[in-house]
Amino acid sequence: MDDLPPTPITSLTPELVQRLREQAMDVLSYLVKTNSATTYFQESDVLPQFRAALHLTHDGHTGIMDYSPKELFDIYHNNVGLSVYKDYLPTIARFFEQPCNKSSVENLMAPGLPVFIAHSSGTSGGASKYFPKYRHPEHMSRAMAETLRLANPPSKNAGKNCIVFSLACRQVVTPLDEDGDIAKHIPVCLLTSGMGRIENKLPVEEDASTAALKIPNYSSPIAVSFIANYKSFLFMHALFALLEPKVETINTVFTTSCRDLCRTIDDHWEDLVQCIETGVIPDIDGIEHVKDNLQVRLCVYSSGAIMLRFLQSSPERAEELRRIEKSTGTTGWFKRVWPQLRAILANASGPFSTVIPEIRHYIGPDVSIQSVAIASSEAYLAIAYDPRDLNLYKVIGSDDVVEFLPVNQPEESKYLAQAWNVESGRKYEVVLTTRDGFWRYRLGDVVEIAGFDPCDGQPLIRYIEARFHLLHDESGCSGDPGANISAAPAALHDHLQKNNENYLKDSRVGKIGVPCVRVVRPGTFGDYREWKVRTKGGASGQVKVPIVIWSETDREWLEARVAYDI
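Bear in mind that the values here come from a model prediction, so they are computed numbers and not experimental data.

A. Geometry of the overall build of the chain. Scanning the chain from N- to C-terminus turns up 20 helices and 19 strands. The burial tally for the chain puts 51% of its 566 residues in the buried class. Taking all contacts inside the chain whose residues are at least 6 apart in sequence as the whole, residues at least 24 apart take part in 66%. Within the structure as shown, the chain displays about 25,700 Å² of accessible surface, and the carbon and sulfur contribution to it stands at 51%.

B. Up close: helix α4 (residues 69–79). Of the residues making up α4, those classed as buried are L72, F73, I75, Y76 and N79. An end-on view of α4 places all buried positions within 165° of arc, on one side of the element. For α4, the secondary structure elements touched by its buried residues are α1 (14–35), α3 (48–54), β14 (401–406) and β15 (427–433).

C. Structural context of the packing of aromatic side chains. All told, the structure shown has 22 aromatic pairs when counted by the stated rule. Judged by centre distance (6.1 Å) and plane angle (80°), the rings of F131 and Y441 are edge-to-face. Here Y441 lies in strand β16 (residues 441–452) and F131 lies in strand β2 (residues 130–133), a separation of 310 residues in the sequence. Looking at F131, the relative accessible area reads 2%, which means it is buried. In this structure Y441 comes out as buried when scored by relative accessible area, which is 2%. On the numbers, 5.1 Å between centres and 40° between planes, the contact of F334 with Y362 is tilted. With F334 in helix α15 (residues 334–337) and Y362 in helix α16 (residues 356–363), the pair connects residues that are 28 residues apart, well separated along the chain.

D. Spotlight on the sheet that holds strand β5 (residues 186–189). The sheet built from four strands is open, its strands ordered β2-β1-β5-β4 with mixed pairing. What marks the edges here is a single partner per strand, and that holds for β2 and β4 (171–173). Neighbour to neighbour, the strand axes of the sheet diverge by 25° on average, direction disregarded. Sheet strands touched by helix α8 (residues 191–200): β1 (116–119), β2 and β5. Its angle to β1, the strand with the most contacts, is close to 155°.

E. Quick peek at the nonpolar core. Among the nonpolar cores identified, the biggest contains 67 residues, and F50, L54, L381, F404, W439 and I461 are the most heavily contacted of them. Ranked by residues supplied to this core, first place goes to α1 with nine residues. L54 has contacts with V32, F41, I64, Y67, L72 and I75, leaving out every residue within four places of it along the chain. Membership of the second largest hydrophobic core comes to 61 residues, among which are F235, V247, I284 and I324.

F. Region of the structure containing the environment of W333. Locating W333 in the fold gives a position in the loop between α14 (315–324) and α15. You can call W333 buried: its relative accessible area is 0%. Spatially, the C-alpha atom of W333 lies 5.8 Å from that of Y362, the residues being 29 residues apart in sequence. Apart from the residues lying within four places of it in its own chain, the contact partners of W333 are I265, W269, E325, K326, S327, T328, H361 and Y362.

G. Fine view of unusual backbone geometry. Here Q98 and P99 are connected by a cis peptide whose omega angle stands at -5°. As for its placement among the helices and strands, P99 is situated in the loop between α5 (89–92) and α6 (102–105). Residues other than glycine seldom take positive phi values, yet N107 does so here, at roughly 60°. For N107, the location among the structural elements is in the loop between α6 and β1. Note on N107: relative accessible area 31%, which makes it partly exposed. Residues other than glycine seldom take positive phi values, yet R440 does so here, at roughly 45°. Judged by relative accessible area, R440 falls into the buried class, the value being 0%.

H. Region of interest: the packing of helix α10 (residues 230–243) against helix α12 (residues 269–278). Close contact between α10 and α12 brings their axes to 10 Å; oriented N to C, the two are set at 60°. The angle between α10 and α12 falls in the class oblique. Our pair here, α10 against α12, has a crossing hand that is right-handed. Contacts between α10 and α12 involve F235, A238, L239, L242 and L243 from the former and W269, D271, L272, C275 and I276 from the latter. Tallied by class, the residues present in the contact of α10 with α12 amount to nine nonpolar, no polar and one charged.

I. The confidence of the model for the chain, seen in detail. Of the residues in the chain, 89% reach a pLDDT of 70 or more, and the chain-wide mean stands at 87. Between residues 298–308, whose pLDDT stays under 50, and residues either more than four places distant or in other chains, the model counts 17 contacts. Low pLDDT, under 50, characterises residues 470–476; the predicted model gives this stretch 21 contacts beyond four residues in sequence or across chains.

Reading the values: rules and limits
- Residues numbered from 1 in each chain as written.
- Predicted model: local features only at pLDDT ≥ 70, side-chain atom pairs only at ≥ 80, totals over all residues.
- Heavy atoms only, no water.
- Helix = DSSP H or I, 4+ residues; strand = E, 2+ residues; numbered from the N terminus.
- Buried < 20%, exposed > 50% of the residue type's maximum accessible area, 1.4 Å probe, protein only.
- Contact = heavy atoms within 4.5 Å.
- Areas by Shrake-Rupley, 256 points an atom, 1.4 Å probe, with all protein chains shown as cover.
- Arc of directions from axis to C-beta.
- Phe/Tyr/Trp six-rings, centres within 6.5 Å; stacked < 30°, edge-to-face > 60°.
- Pairing = 2+ DSSP bridges.
- Axes fitted to C-alpha atoms, helices over the stretch in contact; angles between N-to-C directions.
- Core = buried A, V, L, I, M, F, W, Y, C linked by side-chain atoms within 4.5 Å.
- Parallel < 35°, antiparallel > 145°, perpendicular 65-115°, else oblique.
- Left-handed = near helix turned anticlockwise from the far one by under 90°.
- Nonpolar A, V, L, I, M, F, W, Y, C, P; charged D, E, K, R; others polar.
- pLDDT = per-residue confidence, 0-100.

Next comes the structure, spelled out in structure tokens:
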């Protein structure tokens, strides 16, 4: 395992407090001076008190440069209230007007036009939210750069990374200039898709040629990332990963997708080996538009262009895999497939930890499972601090202003804590002022302060729950119910009463009774992720099964696959 971080400290030295203060003030100063000329800042009903306190001139910008970082922070601290997504929706909706005019959306949330618009996954069944993402200078992009570095680690042994991400777009917004010409192509996609495009310089208007490329240290050609069918998407990633004997890491964003990839290899082993032996890609659903790109690639040399095959016939590798055999009953048999495999990179905290035992069966005890970051459509919040602890993250604080609202205090901005005065062991809701133009935005995620990094003082956090969900049980309910499985509903009811105050309160007043425990058919949750991609406009790279399902359609889908009730 790589070098381990220093042991967290439980309180800050005066020097670290001062360092955190200065960083927050510098970041906030940059954000105010950069984004105060935007449409949202000048027109928002959330910010009139802030604008008045700044004594801005008619253009909304002149004079603001005269404030020191401390003066700006004090004015901001006392005059900006909390905000939620509905405060931004009317402004962001301008991107989706027809026609979309450049004059209406330029400098809307931040200067210029967005590079892409990130959409939320809509996990809970609600409508997706949209967050314009702009290009920023290097000193305001450190959180993004560090996350991307952790997600695609370099190899010292010419190894490959199996990076399972999607480049699919929900739509492409095309603002028109005054002549009626397209000013820019702005993809609407997942955060991971948009950042993948930025990192690898893959503009959406060049997707046709991009699909013929392969990033050198990736096991799969880019064309795989354009497959929308979830099962076919996993099959093709599995195929190219098996073809490559030097895979070192597998990055699937979430452990649930890694489990689905493992099962794909397990379920389709013979078909995958046959493909490697013959060099022929089978006719599977949803790959028609990229099949030619999966078979060949264009290489341009000074002497001319030639076509090379991505999937070349490899009887030697096929024979090697057949000798290994699909050892379903043997723990860690993937290490025989990929001797250099050293890490699974995926969010493995909270509910995503439940599939770790199954993944461990495939990879064995010596391959590490590592969370990478807490990143949402809104912002990059924190990066993994200690690879041995799947739910310990370090707040970055270099790109956005991160504040903390105590969960046991009124939901008002005057109760916000800063990075330098949060308390270890206490729970807070995260509040963000972002480089992309959101002001004291309630992220809705609750974290617990687990200490501080002794090097720079940044808070260390553990993810607890989404605040706006009624039911969440961080402690988990596990164990063998024994022969009397009929006791499971009552045991679950008792466990939730003991570990969730909301559940206890509502059960006492009769709002919640003993739960019905329903067992679904094997493979149901993998099928659910495929169904979500196919019917709900999801992207194959980031599909989650929510803890609490509100959508009646989703509930009906799951109920149709119930094997039996307990």
